[in-house]
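Breakdown of the fold
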Amino acid sequence: MEIKVVRKILEASIRVAEANRRILKERDIRSFNFIGSPGAGKTSLIVKIIEKLKKYYRIAVIEGDLATVRDAEVIAKTNVPVVQINTEGACHLDANLVGKALEELPLESIDILFIENVGNLVCPTAFDLGEDIKIGVLSVPEGDDKPEKYPVIVKASKGIVLNKIDMLPYFKFDKERFYSPIRKLAPDMPVFEVSCETGEGIDEFVDWIISKIRKEEAR
Amino acid sequence: MHEFSLAESLLKVALEEAEKHGASRILRIRVRAGKLMGVVPELLDFAVKSLSEGTIAEGAVLELEEVEFKGHCRNCGAHFSVEDFWEVCPRCGSDEIDISGGNEFDLIGLEIEEGEIEDGNKGCKEDP
Ligand SMILES: [Zn+2]
């Protein structure tokens, strides 16, 4: 017998993501989900912006990792609350895991939540966690062809960071090749060239984060 | 490699639907996936095979239908379907196209064998 149905397979996790979103909205917490390959510098970037923002905002971090706690330890040094999620091999965070992590955080005293997704450029984009904004983190050593090869991250992100620009002199990196697919897919995409090593560009990126928080407040 | 978690959700939904219809076996599972889901068909197939062992979906054939993106030309206003991100408008050749869709991941059909002890009243416990 043939049964015709149309059911969203991820409906359960979509509901959990919506519940997360509600929990965060009710407490006026703005959330940012950082997606990028292993080694793109997501943790260093989050540490840099925490240093700039923690005077003005109460920040917490959810740290997704395949198996280790190393990144969570780095974040913990900034003295903001951090919850580590080990995905035990899964290549992405999902809404369920994030929901559980939220239970571990002092939500009543948080303004901004940073979520560092598992190091992977593809899979995390398919899963809504309930966050406000996805940020794609790419880096110079990965090559100028990342946006062309992984257009999905460009489509999913509201902002893109090109990290490790202090390494531009050492790599054959054609900025035109990097930018042209982004401009084609998302002409208004903000792209931030930064170096967590020298601090270059971090202020512009932090200003953008703040503008996103303010914009939410204005609603 | 997120196919295992996708397959897990897929099987859960398929088994629910099969139970609603009093199935004793699932023979075929039809799925529609948008390109943003980044599904590798062989991996999803493998994941469904592995995870369905010991359930009534064991041995079921997975039929995966890929949904293309929808394109809209900012230059001439044409609507068309898009296979990959770098296409140009088929009408005017402009590369200024907006791409949407791709988030679909839907169960669209099941082929089942009905159970022998089907009473026709499954899921209607309140029936007099
Ligand atoms: Zn056109």
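Residues numbered from 1 in each chain as written. Chains lettered and ligands numbered in written order. Predicted model: local features only at pLDDT ≥ 70, side-chain atom pairs only at ≥ 80, totals over all residues. Heavy atoms only, no water.

Thoughts on helix 2 (residues 41-51) of chain B
Residue and element names in this part refer to chain B. Counted only if it meets this: Only protein chains enter the accessibility calculation, which uses a 1.4 Å probe. A residue is then buried if its area is under 20% of the maximum for its type, exposed if over 50%, and partly exposed in between. Put simply, DSSP marks the helices as runs of H or I at least four residues long and the strands as runs of E at least two long, and each gets a number from the N terminus on. An arc is given here, and it is the one of the directions from the helix axis to the C-beta atoms. By definition in these notes, contact holds between two residues if any of their heavy atoms fall within 4.5 Å.
For helix 2, the set of buried residues is Leu-44, Ala-47 and Val-48. Axial view of helix 2: buried residues confined to an arc of 100°, hence all on one face. Facing away from the buried side of helix 2 by more than 90 degrees, the exposed set consists of Glu-42 and Phe-46. Contact partners of the buried residues in helix 2: helix 1 (3-20), strand 2 (61-67) and strand 6 (105-114).

Some thoughts on the pairing of strand 6 (residues 133-139) of chain A
Residue and element names in this part refer to chain A. Heads up, the condition is: A pair of strands counts as paired when DSSP detects no fewer than two bridges linking them.
Most of strand 6 sits inside the fold, with seven of its seven residues counted as buried. Across five bridges, the pairing between strand 6 and strand 7 (residues 159-163) is parallel. Counted as the bridge partner of Ile-135 is Gly-159 from strand 7.

Here's the deal with the side chain of Lys42(A)
Residues and elements named next belong to chain A. In plain terms, the rule: Residues scored as charged are limited to Lys and Arg (positive) and Asp and Glu (negative), so that His and the chain ends carry no count. The working definition used for a salt bridge is a side-chain nitrogen of Lys or Arg within 4 Å of a carboxyl oxygen of Asp or Glu. Counted as a polar contact is a pair of N or O atoms within 3.5 Å, where, for protein atoms, one must be capable of donating a hydrogen and the other of accepting one, and residues adjacent in sequence contribute only when both atoms are in side chains.
Assignment of secondary structure puts Lys-42 in helix 2 (residues 42-53). In this structure Lys-42 is buried but unpaired, with Glu-116 as the nearest side chain of opposite charge at 4.3 Å. One polar contact links the side chain of Lys-42 to the main-chain carbonyl oxygen of Gly-36, over a distance of 3.1 Å. Residues within four places of Lys-42 in sequence aside, it is in contact with Phe-34, Ile-35, Gly-36, Ser-37, Glu-116, Asn-117, Gly-119 and Val-137.

Some points on the pattern of salt bridges
Counting across every chain of the model gives 28 salt bridges over all chains. A salt bridge links Asp128(A) to Arg21(A); the nearest nitrogen and oxygen atoms lie 2.9 Å apart. Of this pair, Asp128(A) sits in the loop between strand 5 (112-116) and strand 6 while Arg21(A) sits in helix 1 (residues 11-26), and the two are 107 residues apart along the sequence. The partner of Glu193(A) in a salt bridge is Lys175(A), and the shortest N-O contact between them spans 2.6 Å. Placement of Glu193(A) in strand 8 (residues 191-193) and of Lys175(A) in helix 7 (residues 175-185) is noted, with a sequence separation of 18 residues between them. By relative accessible area, Glu193(A) is classed as partly exposed at 24%. Among the ionic contacts, a cluster of salt bridges with common partners joins Arg7(A), Glu11(A), Lys12(B), Glu16(B), Glu17(B) and Lys20(B).

Some thoughts on the coordination of the zinc ion
Residues and elements named next belong to chain B. Short version of the rule: Any nitrogen, oxygen or sulfur atom within 2.8 Å of a metal ion counts as a donor, with the limit raised to 3.2 Å for Na, K and Ca, and since water is left out, coordination shells can look unfinished. Just to be clear on the cut-offs, tetrahedral is four donors with all angles between 85 and 135 degrees, square planar is four donors and octahedral six with opposite donors over 155 degrees apart and all others between 65 and 115, and anything else goes down as irregular.
Looking at the metal site, the zinc ion is ligated by Cys-73 (SG), Cys-76 (SG), Cys-89 (SG) and Cys-92 (SG), spaced 2.3 Å from it. One can describe the donor arrangement at the zinc ion as tetrahedral, given that its four donor atoms subtend angles of 106 to 115° at the metal. Between consecutive donor residues of the zinc ion, the sequence gaps follow C-x2-C-x12-C-x2-C. By relative accessible area, which is 35% here, Cys-92 ends up partly exposed.

Some thoughts on the packing of aromatic side chains
Aromatic ring pairs are described here by two measures, namely the spacing of the ring centres and the angle between the planes. All names here are of chain A. Our working rule: Aromatic rings from Phe, Tyr and Trp, with only the six-membered ring used for Trp, were paired whenever their centres fell within 6.5 Å, and each pair was classed as stacked if the ring planes differed by under 30 degrees, edge-to-face if by over 60, and tilted otherwise.
Going through the model one piece at a time under the given rule, you end up with 11 aromatic pairs over all chains. For the ring pair Phe-32 and Phe-114, a centre distance of 5.8 Å and an interplane angle of 50° mean the geometry is tilted. One end of the pair, Phe-32, is in strand 2 (residues 30-36); the other, Phe-114, is in strand 5, and 82 residues separate them in sequence. The class of Phe-32 is buried, set by a relative accessible area of 2%.

Remarks on the side chain of Asp144(A)
All names here are of chain A. Secondary-structure assignment places Asp-144 in the loop between strand 6 and helix 5 (146-149). In terms of polar contacts, Asp-144 uses its side chain to reach the backbone amide nitrogen of Asp-174, at 2.8 Å. Beyond its immediate stretch of four places on either side in the chain, Asp-144 contacts Lys-172, Phe-173, Asp-174, Arg-177 and Phe-178.

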